[in-house]
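# A structural walkthrough
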Amino acid sequence: MENKIQQQKALNLLGLARKAGKLTTGQDLVLAAIRSGKAKVVLMANDCGQSTQKKFTDKCKSYDVALTTEFTKQELSTAIGAKRSLIAVTDPGFGKKIRQLLFS
């Protein structure tokens, strides 16, 4: 139960981060954000393609970026109001809070 509450808080924060312009979405842009060190945490839908999952799991590991696959495409899309399966949070404040909620 506690975990569901944490997840919902994280999704709510994603919505706020989007309004504040602190998110990057789409494969190419998220990849660029990881490579440049701008990505603080990456959220990848657990129902996206296998090649995408492998690519971003490896990338996040090699660049030491926190990655979560706790959400579905539907949950991520609803949270930010756009159809997306890959999101990078680029703001240190939002990134820290989302990591606390999802990884603690």
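Residues numbered from 1 in each chain as written. Predicted model: local features only at pLDDT ≥ 70, side-chain atom pairs only at ≥ 80, totals over all residues. Heavy atoms only, no water.

On to the sheet that holds strand β1 (residues 23–25), then. Strand order in this open sheet of four strands is β1-β4-β2-β3, and the pairing throughout is mixed. Of all strands in the sheet, those bounded by a partner on one side alone are β1 and β3 (66–68). Averaged over neighbouring strand pairs, the angle between their axes works out to 20° when direction is ignored. Pairing analysis gives three bridges linking strand β2 (residues 41–44) to β3, with the strands arranged parallel. Bridging from a neighbouring strand, Leu43 pairs with Thr68 of β3. Against the sheet, helix α1 (residues 2–19) touches β1, β2 and β4 (86–89), its axis set at about 95° to β1. (Pairing = 2+ DSSP bridges. Helix = DSSP H or I, 4+ residues; strand = E, 2+ residues; numbered from the N terminus. Axes fitted to C-alpha atoms, helices over the stretch in contact; angles between N-to-C directions. Contact = heavy atoms within 4.5 Å.)

This brings us to the environment of Ala45. Tracing the backbone through its elements, the reader meets Ala45 in the loop between β2 and α3 (50–62). In sequence terms Ala45 and Leu76 are 31 residues apart; their C-alpha atoms lie 7.1 Å from each other. Leaving out residues up to four positions away in the same chain, Ala45 has contacts with Gln53, Phe71, Thr72, Lys73, Leu76 and Ser85.

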